[in-house]
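Below, each chain spelled out in residue letters.
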Amino acid sequence: MPSFTSPDQGDDLEACVLRFSDLDLKDTRLINPSSSLKGELDVSTKKKYSFAKKKAFALFVKTKEVPAHTPECKEKWWKCCQQLFRDRISIHKHVATQHADEICHETASVLKQLAVTLNTSKTLGSEDNRKPLKEYLPCNREVSAWLPDISCFSPDELISGQDSDGGEVLLYYCYRDLEDPHWVCAWQTALCQHLSLTGKVRIATEGINGTVGGSKLATRLYVEVMLSCPLFKDYMCKDDFKTSKGGACCFPELRVGVFEEIVPMGISPNKISYKKPGIHLSPGEFHKEVEKFLSQANEEQSDTILLDCRNFYESKIGRFQGCLAPDIRKFSYFPSYVDKNLELFREKKVLMYCTGGIRCERGSAYLKAKGVCKEVFQLKGGIHKYLEEFPDGFYKGKLFVFDERYALSYNSDIVSECSYCGAPWDQYKLCSTPQCRQLILTCPACQRQGVTACCVTCQDKGRRPASSPTQSSFKEECECTARRPRIPSELPRQEIKAKRGK
């Protein structure tokens, strides 16, 4: 473990060793954090800044660990500045507010070490250690060179169990700078086709976001390839892949493409970067924070907001107790929602969550950039990971997913109702009117009565024959969607409780 000391204390110290995957970085020299790093570091090293800062922070916290005072307690405690901290959130907050200079100092040191290592590597005839993936390819740069060998498996083995009972769906994302997203797109397309996977993969210069389904053998091979790929192996681990029962049948096709953002927030990554997110909380840490929030006698006077970053139709069938769930239809509306309701977040501690964590990465960065919140935290791994650990925790109802399953069930709670009769119901179907693509909650009893559209207007349209094939296939905005405010304005604080999930 590296020691965090001032330069004049380092004469008799052993070399500071930091391990960045396959790199052993050794350097006894510490540099002044006020030095101009931009002028000293190459482009590749600059990309490591976010990772270096997180590493420096984690190592600093690690040096403050002390044994718990009670033998039966196996949890870690921390001691710093003559104070004892019994939970990770408290020590993180303390370090972030009281030791920023030390973290900056050590981050600069790590970056300097990286620069020295890379320069040494170049001197030995090797190019930049963080080359774009295409530089790792053979001369012909064929994507086939980066596909797994499946010759030992029969075609039946690879596709067997692709149905919802025997197959699997993966959900994952990885934020890291990509210099050639179009090559990654071609590789991902070939890889998924090679393994008979269906699903959706979004690629951008800021990273990759995917959900794919197939047999368990195919998904296992896919994870292995991703974790061995030089482009992602230092940024991902097996735990970053969320799994659920499903298969290739959960998606109508395979769609892989290059976009500006890997999750569409509607703001250029150059303006709001994934590199400045909120503080990540593990499911256990998030659970404790929600428990503390819900235990408060008067949530209206609380300094905490439990914020659902998803769309209204997602939170409608499942959400955390006590959450604030914005009535927005797209994540690209989230920034405008924050802007319109900025006073709501002033001097508040915000606990954010979404399905798998990806929307919180840049959503929390946007909220932090506004400079009004006291603190911004996000659930690492999203609801998906929380429910794996706490299926009967504070999240009630189903977890909406963007495939033909529509939802995953981890508990028996039903928090939504039939749009027509009000009976408890949480199983979505598409509106029966061809021109409409809205999701609808209509119970079996109402379906038997012929109520299968999202609103009365659509129901009437469905009864009328289409005048032409073109008209019947045209998708228009539904009346019930058109009358919903695009960007809702929250009610005064004393009335918010009525809008919150209970």
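Residues numbered from 1 in each chain as written. Predicted model: local features only at pLDDT ≥ 70, side-chain atom pairs only at ≥ 80, totals over all residues. Heavy atoms only, no water.

Where an unreviewed UniProt entry is consulted, the protein appears under the name Thiosulfate sulfurtransferase/rhodanese-like domain-containing protein 2, with the organism given as Ursus maritimus.

Regarding its fold elements, the protein presents 18 helices and 20 strands. Contacts in the protein between residues at least 24 apart in sequence constitute 70% of all its contacts with a sequence separation of at least 6. Surface summary for the protein: the accessible area is close to 24700 Å², and the carbon and sulfur share equals 50%. (Helix = DSSP H or I, 4+ residues; strand = E, 2+ residues; numbered from the N terminus. Contact = heavy atoms within 4.5 Å. Areas by Shrake-Rupley, 256 points an atom, 1.4 Å probe, with all protein chains shown as cover.)

The next subject is the environment of Phe51. Following the sequence through the fold, Phe51 ends up in helix α3 (residues 49-62). For Phe51, a relative accessible area of 32% corresponds to the partly exposed category. Taking C-alpha positions, Phe51 is 9.9 Å from Arg176, a pair spaced 125 residues apart along the chain. (Buried < 20%, exposed > 50% of the residue type's maximum accessible area, 1.4 Å probe, protein only.)

With that settled, consider the sheet that holds strand β15 (residues 375-379). Strand pairing in a sheet takes place through backbone hydrogen bonds and is either antiparallel or parallel in direction. Pairing is parallel across the open sheet formed by four strands, whose spatial order is β11-β15-β14-β12. Among the strands making up the open sheet, the edge pair consists of β11 (279-281) and β12 (304-308). Averaged over all pairs of adjacent strands, the angle between their axes in this sheet comes to 25°, without regard to strand direction. As defined by bridge partners, β11 adjoins β15 across three bridges and the pair is classed as parallel. (Pairing = 2+ DSSP bridges. Axes fitted to C-alpha atoms, helices over the stretch in contact; angles between N-to-C directions.)

Glancing now at the pattern of salt bridges. Scanning all chains against the criterion turns up 16 salt bridges. Note that Asp177 and Lys275 form a salt bridge whose closest N and O atoms lie 3.1 Å from each other. Of the two residues, Asp177 sits in the loop between β6 (167-175) and α7 (181-194) while Lys275 sits in the loop between β10 (254-258) and β11, which places them 98 residues apart along the sequence. Arg310 is paired through a salt bridge with Asp308; the nearest N and O atoms lie 2.8 Å apart. (Salt bridge = Lys/Arg side-chain N within 4 Å of Asp/Glu carboxyl O.)

With that settled, consider the side chain of Gln459. Here Gln459 shows up in helix α15 (residues 456-463). A distance of 2.7 Å separates the side chain of Gln459 from the backbone oxygen of Gly450, its partner in a polar contact. Once you skip the residues sitting within four places of it in the chain, Gln459 turns out to touch Tyr420, Thr433, Gly450, Val451, Thr452 and Ala453. (Polar contact = N/O pair within 3.5 Å; in protein donor to acceptor, adjacent residues only side chain to side chain.)

What follows is about the packing of α3 against helix α4 (residues 88-98). Packing of α3 against α4 leaves a shortest axis separation of 11 Å and a crossing angle of 115°. Of the two elements, α3 crosses α4, and the hand of that crossing is right-handed. From α3, Phe57, Phe60 and Val61 reach across to α4, where they touch Ile91, His92, Val95 and Ala96. (Left-handed = near helix turned anticlockwise from the far one by under 90°.)

Further remarks concern the pairing of strand β14 (residues 349-353). Counting buried residues in β14 gives five out of five residues, a clear majority hidden from the surface. As paired elements, β12 and β14 share five bridges and run parallel to each other. Looking across to β14, one finds that Asp308 is bridged to Tyr353. Bridging between β14 and β15 involves four bridges; their strand directions are parallel. From the neighbouring strand, Val350 faces β15, where its bridge partner is Val376.

Before going further, it helps to spend a moment on the packing of α7 against helix α8 (residues 216-228). Orientation of α7 relative to α8, taken along the N-to-C sense of each, is 150°, at an axis distance of 10 Å. Accordingly, the angle class assigned to the pair α7 and α8 is roughly antiparallel. When you trace α7 past α8, the crossing you get is right-handed. Of the residues in α8, those in contact with Trp187, Gln188, Leu191 and Cys192 of α7 are Tyr222, Val225 and Met226. Residue composition of the contact of α7 with α8, by class: six nonpolar, one polar and no charged. (Parallel < 35°, antiparallel > 145°, perpendicular 65-115°, else oblique. Nonpolar A, V, L, I, M, F, W, Y, C, P; charged D, E, K, R; others polar.)

On to the sheet that holds strand β3 (residues 65-66). Spatially, the three strands line up as an open sheet ordered β3-β4-β5, and their pairing is antiparallel. Unpaired on one side and paired on the other, β3 and β5 (83-85) mark the two borders of the sheet. In terms of strand pairing, β3 meets strand β4 (residues 77-80) through two bridges, oriented antiparallel. Directly across from Glu65, in β4, lies its bridge partner Trp78.

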